[in-house]
Amino acid sequence: MMKINPSASPLYMLSCLVMLLLLPLPSLLASDPDPLQDFCVADLSASTSVNGFLCKPASNVSSDDFFFDGLSKEGNTSNIFGSNVTAANVLSFPGLNTLGSSINRVDFAIGGVNPPHSHPRSTETDLVISGQVLVGFVTTGNVYFSKVLTAGQIFVIPRGLVHFQKNVGPGKALIFTTFNSQLPGASVVPLNLFASTPSIPNDVLTKTFQVGDDVVNSIKSKFVVKLGPYSR
């Protein structure tokens, strides 16, 4: 039987304590914290801000708080990208508050693209309902993974990685994207770079892309003038 040197006991105890503190880390790395009650319908009108939303009093909650029909309607794809995202997250569907779940509907016109973007707070799973959709993402090591999906097929996008979807079929396309966060967030690369408020300085963009002011200004003008009803 191994004997512990009494003089090493404080170090041994400290090591054990550190290990115990590290054990809960997997749960802390989840996209959203675990709920502590059956539900917490978001009170979007509350003036107090927390990491999430305050709960409506349970006495004011009804079945309608757990119902959302916004994904039943086709989105308007008459914009420069030829796509439209209809989001069912906590902002449009308060019943999702604290549940770590949300879902988007993405409609595509012929040739439409959901441009490169990332979700900082969630992994994404794409399910094709109709059409043929090219789905791809790029790792932090600049490795590109992609697949053309048809109805009933799915593809997963790891959390935080830049990805896109493009309609490569002969007609319209429809996909549903699910998230393990009530509010996954979306950083849309072209909008971040060329349509931010205030604008990113031109000299940053010209140096980054190795082009002239005329190219950067032309791209910026397209997003400002022609973005249309594109929705995130």
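Our structure's up above, just so we're on the same page.
Residues numbered from 1 in each chain as written. Predicted model: local features only at pLDDT ≥ 70, side-chain atom pairs only at ≥ 80, totals over all residues. Heavy atoms only, no water.

Chemist: What is the right way to look at the pairing of strand β4 (residues 124-130) in this model?
Modeler: Regular strands have side chains that alternate between both faces of the sheet. Here 4 bridges tie β4 to strand β7 (residues 154-157), and the two strands are oriented antiparallel to one another. Bridge pairing links Glu124 to Ile157 in β7. (Pairing = 2+ DSSP bridges. Helix = DSSP H or I, 4+ residues; strand = E, 2+ residues; numbered from the N terminus.)

Chemist: Looking at this structure, how should I read the state of the cysteines?
Modeler: Two cysteines, two sulfur atoms, one covalent bond between them: this is a disulfide. Scanning all chains against the criterion turns up 1 disulfide. Between Cys40 and Cys55 runs a disulfide, and the two sulfur atoms are separated by 1.8 Å. Measuring the twist about the S-S bond at about -100°, one finds the Cys40-Cys55 disulfide to be left-handed. Note that Cys40 is positioned in the loop between α2 (25-28) and β1 (83-88) and Cys55 in the loop between α2 and β1, a separation of 15 residues in sequence. (Disulfide = S-S within 2.5 Å.)

Chemist: Would you mind showing me how to read the nonpolar core here?
Modeler: When a protein is soluble and globular, its nonpolar side chains tend to lie buried together. Judged by nonpolar contacts, the single largest core of 13 residues is most densely connected at Val133, Val135, Phe155 and Ile175. Listed by contribution, the elements that provide at least two residues to this core are β2 (102-108), β5 (133-138), β7 and β9 (173-179). Ranked by size, the runner-up nonpolar core spans 7 residues in total, among them Val188, Leu205, Val216 and Phe223. (Core = buried A, V, L, I, M, F, W, Y, C linked by side-chain atoms within 4.5 Å. Buried < 20%, exposed > 50% of the residue type's maximum accessible area, 1.4 Å probe, protein only.)

On their own, these measurements won't tell you what the molecule is for.
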